[in-house]
Structures are given as C-alpha cells and as structure tokens.
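Architecture and fold: a report
So you can see what is in the structure, the chains are spelled out below.
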Amino acid sequence: MDAKEVLKFIKEKNARFVDFKFMDFIGTWQHFSVPAAEVSESSFEDGYGFDGSSIRGWQAINESDMLILPDPATAFLDPFYELPTVSLTSTILDPITKEPYSRDPRSIALKAESYLKSTGLADTAFFGPEAEFFCFDNIQYGSGANHAFYNIDSIEGIWNTGRDEKPNLGHKPRHKEGYFPCPPSDELANFRQDVVSTLLDLGIHVEAHHHEVATGGQCEIDLRFQPLVKMADALMTYKYTAKNIAKKRGKTVTFMPKPLFGDNGSGMHVHVSLWKGSTPLFAGSGYAGLSDMALNFIGGLLKHAASILAFAAPGTNSYRRLVPGYEAPVNLAYSQRNRSAACRIPMYSPSPKAKRIEFRPPDPSCNPYLTFAAILMAGLDGVQNKIDPGDPLDKNIYDLPPEELAAVPSVPGSLSEALDALEKDHQYLLKGDVFTQDVVDTWIEYKRTNEVDPVRLRPHPHEFFLYFDA
C-alpha cells in the first residue's frame, strides 16, 4: 500500500486506532498508538515525535526527541487488539536533519539493501530464516543478591511422565526425540496451525511448520524467502504473532536459544541468495552447484563469522546452544550436507532458483535487521575481495582424528569472545555507511555492561551444588 491506500484501508476496517511498531537497538519491538482520526497523508512524510531516551541503546536525555516514520507498505489489521487497530512498522528519523537515525536497526537494514545495489553486484538479497522457539505452559524465574532460580514446565516435557495430571496420558517426547512425532505426542500442532493461519491472513507466506527436536515444546515455522528488510519485518510479525496466540491459549513462547539443559537449543538458520533481476547469482558449476560468487560469499561469512555472531548470537545464553553434540553448527567450515558446519548448501532441489547458502550459527533472539545486514555485508566483502572459503568439510566432524579436528576453526565460545571479535573486525560493516562506528561501539558497550558483566559477576546456582561443601 501507499499512504492513500492505507487511509482507505483504515476506513474499510473501521479502525479506531493506528499502532506504530518499531525496533529498539537490542532487538525487541516497541510501539505506541494514536486514534485513527489523527492519521493523514502528511503523517507518512512528517512522522510522529516521541521520547527516544527511554529506548535501550538510544539517545541521551538531553537529545531525546525522535521522529517515527511509518512505512505504508507494512500495514495490516492487528489481530490482537479488542478494538480494530491497523499496525504500521516504522523507521526512526532525527527530528532536526530528518535523516534516518543511525542507531535505528531498520534504517541500517535499508542502508544495507541500498549498498548492495550501489555495488552493481546484485539488486536483491533474499533471506529465509528458520526461527525455532519453545512453547511452555509455565515459566518462573528470579535473581537477586541472595537468590537465583528458574523453573520451566510443559505438558510435553519428558520430566512430567510421572506427574499427576488427572489423568497423565503420557506421549511426552524424550530428549532429542521431538522431530517429527504426530499428535498426541505433538501437543502443539493445533497451536502452530493457529499461528500459521494468522500469519497467512496477515499476508505472510509460510512454507511449513513442525515440532522440533527438543522435548518440552520446541517448534519451528518456516517463512518463504523475501528481500532483506521485508523478511526482517515479517520475522518480527511472526514472533509477535506466536507470542500473542500462545498467551491466548494460556501458554508462553520464548525465542531464548537455550532454556533447557541437556537438550537441543533453538537456532535460526538463515538462508541467503543474491539475484540480479530475475537471475539467481549463486547457481554455477562449482562445488555443490555453486557459482564463484557464492563460494566467495561463503569465504566472507567464514572470515567474519566471529564478529557477525556478536549480532547473530547476541546473548550470553546463545553460547549455551553453540556447543558440540546438539546439532549445533560450531565449525567454521562449509559443506553441502554436514549440519555441524557453519555454512551448509541445501541440496533438496537442482533448480538454479533454489541455490542458496544456509548460515547456521544465528539464533532467534537476535535483532534480524542487524543480523541480516551483517551477513550481507560479510558476504559482499568476500565477493569483492574474492575470498577463498578453503576446502569443504564433508566428513562427520565427530569422527575426525584429533589432528584434523584441531585444524577446523570454531565459533566463539562466549558472547565476550564474539564482542572482542567485533571490536577487532568490523571495517566490512562500515562500507557505504551501513553500520557506523558509533553503532558498533554502542553495541559492544551495551552488551558488555548490561549482559556480559551481570552474568559473569553473579554466582551460578549450579556452583552451590559443586562448591558449597568446599
């Protein structure tokens, strides 16, 4: 839609309010609403003022005025409000210069798309994330000076085979056996259908949904690939929809990558391909049917993987998932089928249009605008500098002798290591002013101060089990 069509849509739906959604710096949707009568064509040019000082990682209080500019192409009737409400995803502008705000993640993603076109290498970067999540029945957690705890429950959880559920009917997936049992073991099939049906009504193309490997309610819903910014918008709508439908059903959804000990965590494998017009650029006669451009793109991803993960695996909890033994892609290598490799080339179809690269280390707690932009910039750096990705890793990594295994580099072992890598390796992100030095520095400072240090300094509950009787 354009602005006129949005105004017509508001009237057709008898909308009482218009809700403006935008991404904070770290990765959570924020919003505010105005009465529908307050929206006019000029709203899509002038925007709306708000206080940016309370948004994580944004302005100081002495320079807090910001503008929110709605994108008319993102309009949909929000299904979760009691009164008819039209939702618009928005970007953030500086109120004085009217330029996109440099720390606005959506603006960064838009700049990444513009930079791609300016290189002449391609005009479109298609992205297709596979975002996994858990749907639990109860979650309790707390942390203080003298306590720390969490307690998770799920009707599907294998730990509940002996619980008195009046009656307990069993059918609870065992650890690592949640892929793909039918109902009644798949307790969440109807919930996922509800989410998918809602997404389809909102105009988001869904390819499939299924239970995932872990016990306790792990799920996956796959969205059909779209250009970078459209896909990031769609992914945020997907997360918003899953969380709200879970709440309506008395459940709760988390995209936290590793909530359960001893079972698979939630990843977000990201499929990416470059196109020029209607021509796919990653198909060729090289390894796994890839073009030289695709192999160089992989070279860029592998070279910059550690710094990409500062955005793509952005929490301390992300590195509870990125460990060997849980199908985690911890090896900085590429392969046409090996799921322990950071880059995989799916071989489901011989069609050139289906040829793509799957970058597997990201997880769904990330900010997709920043993550997709970082992936694109790293891959383009590989293409521009013709970076050789080395030899593929087609062997079972767990069967390699120690001397061969030692030659395969790994992803960072912690968020702290990923942030150190970003501090040393970020020049590729600054091309075309896509990321700015301020964005990189602010991200590193925020993560170290608000996440790395608070987790590092607190006693861990398991330490009492290990050391209290020392």
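Here's a quick rundown of the structure. Since we're looking at a predicted model, the values are computed, not measured.

**Section: a nonpolar patch on the surface**
Where nonpolar side chains cluster on the molecular surface, the patch consists of I139, Y141, Y150 and F261 and spans about 560 Å² of accessible area. Mapped onto the elements, I139 comes out in strand β8 (residues 138–143). Overall, I139 belongs to the partly exposed group, its relative accessible area being 35%.

**Some words on the nonpolar core**
Grouped burial of nonpolar side chains is what soluble globular proteins tend to show. Judged by nonpolar contacts, the single largest core of 123 residues is most densely connected at F127, L274, L376 and F435. Looking at this core, the element that brings in the most residues is helix α6 (residues 292–312), giving 13 residues. In this view, F127 contacts F225, Q226, L228, M231, V270, H271, V272, F372, I375 and L376; residues no more than four positions away in its chain are not counted.

**A closer look at the environment of F149**
Mapped onto the elements of the fold, F149 is located in strand β9 (residues 148–153). Residue classification places F149 among the partly exposed residues on the basis of a relative accessible area of 42%. Placed 114 residues apart in sequence, F149 and D263 show a C-alpha to C-alpha distance of 19 Å.

**Re the layout of surface pockets**
Its boundaries defined by the atoms lining it, the second largest pocket holds a volume of some 800 Å³. Around the second largest pocket, the lining is made up of 40 residues, and of these E130, E220, D222, H271 and E358 lie nearest the centre. Broken down by class, the residue content of the lining of the second largest pocket amounts to 14 nonpolar, 10 polar and 16 charged.

**Structural notes on the pairing of strand β11 (residues 218–223)**
Burial of β11 is extensive: six of the six residues sit out of reach of the surface. Across the two faces of β11 the burial is the same, with Q218, E220 and D222 and C219, I221 and L223 all buried. Bridge count for strand β7 (residues 124–136) against β11 is five bridges, and the pairing is antiparallel. Looking across to β11, one finds that E130 is bridged to D222. Bridge count for strand β10 (residues 206–211) against β11 is five bridges, and the pairing is antiparallel. Its bridge partner lying in β11, H210 is registered against E220. Count of turn residues in the β10/β11 antiparallel hairpin: six residues, of which G216 carries a positive phi of about 80°.

Cut-offs and rules
- Residues numbered from 1 in each chain as written.
- Predicted model: local features only at pLDDT ≥ 70, side-chain atom pairs only at ≥ 80, totals over all residues.
- Heavy atoms only, no water.
- Patch = residues over 30% accessible without salt bridge, like charges linked within 9 Å, V, L, I, M, F, W, Y side chains within 5 Å.
- Areas by Shrake-Rupley, 256 points an atom, 1.4 Å probe, with all protein chains shown as cover.
- Salt bridge = Lys/Arg side-chain N within 4 Å of Asp/Glu carboxyl O.
- Helix = DSSP H or I, 4+ residues; strand = E, 2+ residues; numbered from the N terminus.
- Buried < 20%, exposed > 50% of the residue type's maximum accessible area, 1.4 Å probe, protein only.
- Core = buried A, V, L, I, M, F, W, Y, C linked by side-chain atoms within 4.5 Å.
- Contact = heavy atoms within 4.5 Å.
- 1 Å grid on protein atoms, 1.4 Å probe; cavity = no way out; pocket = protein on both sides within 12 Å on 5 of 7 lines; lining within 4 Å.
- Points joined across faces, edges and corners; volume = space filled by probe spheres on them.
- Nonpolar A, V, L, I, M, F, W, Y, C, P; charged D, E, K, R; others polar.
- Pairing = 2+ DSSP bridges.

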